[in-house]
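Observations on chain architecture
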Amino acid sequence: MAEIATVQEEGCQPGPPPVPAVYIPSEYSYVRRGDNFIPIFPQIVVGEGGTDNDWCPLGFILYDGWYVVKWDDHGAGGEFGYFDEQGRWIPHNGDRTTHYRTAYWDESKGRYVPIGAKVVRISVTVDDYAFYADDQRQSSSDWGLDGYFNPSCHLKRQGKRDGASCNL
């Protein structure tokens with residue numbers, strides 16, 4: 001991913017940096033079989049209106065804006081991405097990411113394999129565009145969303161597996 005060029009306007013100082021959080025709709029906080037794509041959204045939880053205000057000479061307060069650098073599932077093994085205009089899944093970890101897939105591509109099997117049942121912490125790292133003053137990148141590790149993901153592909157009925165598909 002290409003880095004965004006940053007400069008600092010002379011005399012401008014960074015204000016409080018944006019602090020990100022992850023938003024996942026409440027119906028996905030406990031994920032069951034069949035919920036393979038989890039919608040995820042970054043939120044900014046510090047600053048007026050979720051802004052990145054910088055202080056500049058003569059008392060001006062200017063806004064830099066922010067963007068997503070990367071998402072992290074802290075080793076859970078899922079995949080980040082988005083759906084293109086034709087509805088195809090595109091693996092992507094960055095500013096266009098809109099979903100977390102509770103599966104990963106297994107090259108040796110040539111298919112997606114569900115992650116095991118576990119609690120998954122999803123966090124996001126953001127940075128400012130630094131038109132006026134450059135803030136440090138900020139991660140939501142402490143604000144990450146924990147969800148219990150149980151994307152098992154098999155159901156037990158009357159003591160035997162029925163081999164139901166996960167539709168991955």
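Not measured: the values here are computed from a predicted model.

**Points about the sheet that holds strand S9 (residues 79-83)**
- The four strands are arranged S4-S11-S9-S10 in an open sheet whose pairing can be described as antiparallel. The open sheet has two free edges, formed respectively by strand S4 (37-39) and strand S10 (89-91), since each of these has just one partner strand. Strand-to-strand twist of the sheet, defined as the mean angle between neighbouring strand axes without regard to direction, takes the value 40°.

**Examining the sheet that holds strand S1 (residues 13-14)**
- In space, the three strands of this open sheet follow the order S1-S6-S7, with antiparallel pairing throughout. Taken across any chain shown, the strands that pair with only one partner, and hence form the sheet edges, are S1 and strand S7 (60-63).
- Bridge analysis of strand S6 (residues 53-56) against S7 gives four bridges, and the strand direction is antiparallel. Within S7, the position partnered with asparagine 53 by the bridge is tyrosine 63.

**A short note on the pattern of salt bridges**
- One pass over the structure, following the stated rule, counts two salt bridges.
- A salt bridge links arginine 88 to aspartate 84, with the nearest nitrogen and oxygen atoms 2.8 Å apart.
- Accessibility expressed as a relative area gives 49% for arginine 88, which makes it partly exposed.
- By relative accessible area, aspartate 84 is classed as buried at 12%.
- Close ionic contact of arginine 137 with aspartate 127 constitutes a salt bridge, the shortest N to O distance being 3.5 Å. With arginine 137 in the loop between strand S14 (118-128) and strand S15 (138-139) and aspartate 127 in strand S14, this pair connects stretches of sequence that are 10 residues apart.
- Overall, arginine 137 belongs to the partly exposed group, its relative accessible area being 39%.

Calculation notes
Residues numbered from 1 in each chain as written. Predicted model: local features only at pLDDT ≥ 70, side-chain atom pairs only at ≥ 80, totals over all residues. Heavy atoms only, no water. Pairing = 2+ DSSP bridges. Helix = DSSP H or I, 4+ residues; strand = E, 2+ residues; numbered from the N terminus. Axes fitted to C-alpha atoms, helices over the stretch in contact; angles between N-to-C directions. Salt bridge = Lys/Arg side-chain N within 4 Å of Asp/Glu carboxyl O. Buried < 20%, exposed > 50% of the residue type's maximum accessible area, 1.4 Å probe, protein only.

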